[in-house]
Amino acid sequence: MVRWLVLVFLVYSIYRAFVGYTRNKSFSKTDNAFRHWTATVAHIQLMIGIILYTQSPVVKYFLANTKTALQNLDLTFYGLIHIFLMLTAIVVLTIGSALAKRKPTDKEKFRTMLVWFSIVLIIIFIAIPWSFSPLSSRPNFRTF
């Protein structure tokens, strides 16, 4: 559930940044709150993801049999690619959020959020095992 919140917050923050930037709006407390909460929700998901990563039987198999597992794209995706891309996304999001917070003008704050958060969204979209992903696919919603 938190993973979907990350996407919702990220998309809405990008939307607010785009509107603020293109319409020369002032960077309000609400804009700053969405900047902050987007990063916070993403960091919560990071903690959940690290716990799930360390407990995953697929990852445990990958780590125990790396040489063999690297020949299987699904195992490589879950054991290496997914976590690398998601960690990269969190680092980029954190840097973008910190930079936006420190910019002197409202237009620069919106632009910084728009650019950095959009890059994060692209990285996350690549790292998600969508049902149509060439790297690895899963159902978008699970029933359990």
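Structure's up top.
Thresholds, definitions, all that
Residues numbered from 1 in each chain as written. Predicted model: local features only at pLDDT ≥ 70, side-chain atom pairs only at ≥ 80, totals over all residues. Heavy atoms only, no water. 1 Å grid on protein atoms, 1.4 Å probe; cavity = no way out; pocket = protein on both sides within 12 Å on 5 of 7 lines; lining within 4 Å. Points joined across faces, edges and corners; volume = space filled by probe spheres on them. Helix = DSSP H or I, 4+ residues; strand = E, 2+ residues; numbered from the N terminus. Nonpolar A, V, L, I, M, F, W, Y, C, P; charged D, E, K, R; others polar. Salt bridge = Lys/Arg side-chain N within 4 Å of Asp/Glu carboxyl O. Buried < 20%, exposed > 50% of the residue type's maximum accessible area, 1.4 Å probe, protein only.

A. The layout of surface pockets, seen in detail. Of the voids in this model, the largest pocket is the one considered here, and its volume is about 1,100 Å³. Lining the largest pocket are 37 residues, with Arg3, Gln45, Gly49, Leu52 and His82 sitting closest to its centre. Contributing elements (two or more residues each) for the lining of the largest pocket: helix H1 (2-22), helix H2 (29-55), helix H3 (57-64), helix H5 (73-102) and helix H6 (106-127). Here the lining of the largest pocket is composed, by residue class, of 28 nonpolar, six polar and three charged.

B. Seen up close, the pattern of salt bridges. The full count for this structure, using the stated rule, is one salt bridge. A salt bridge links arginine 16 to aspartate 31, with the shortest nitrogen-to-oxygen separation between them at 2.7 Å. Note that arginine 16 is positioned in helix H1 and aspartate 31 in helix H2, a separation of 15 residues in sequence. Using a relative accessible area of 7% as the deciding quantity, one classes aspartate 31 as buried.

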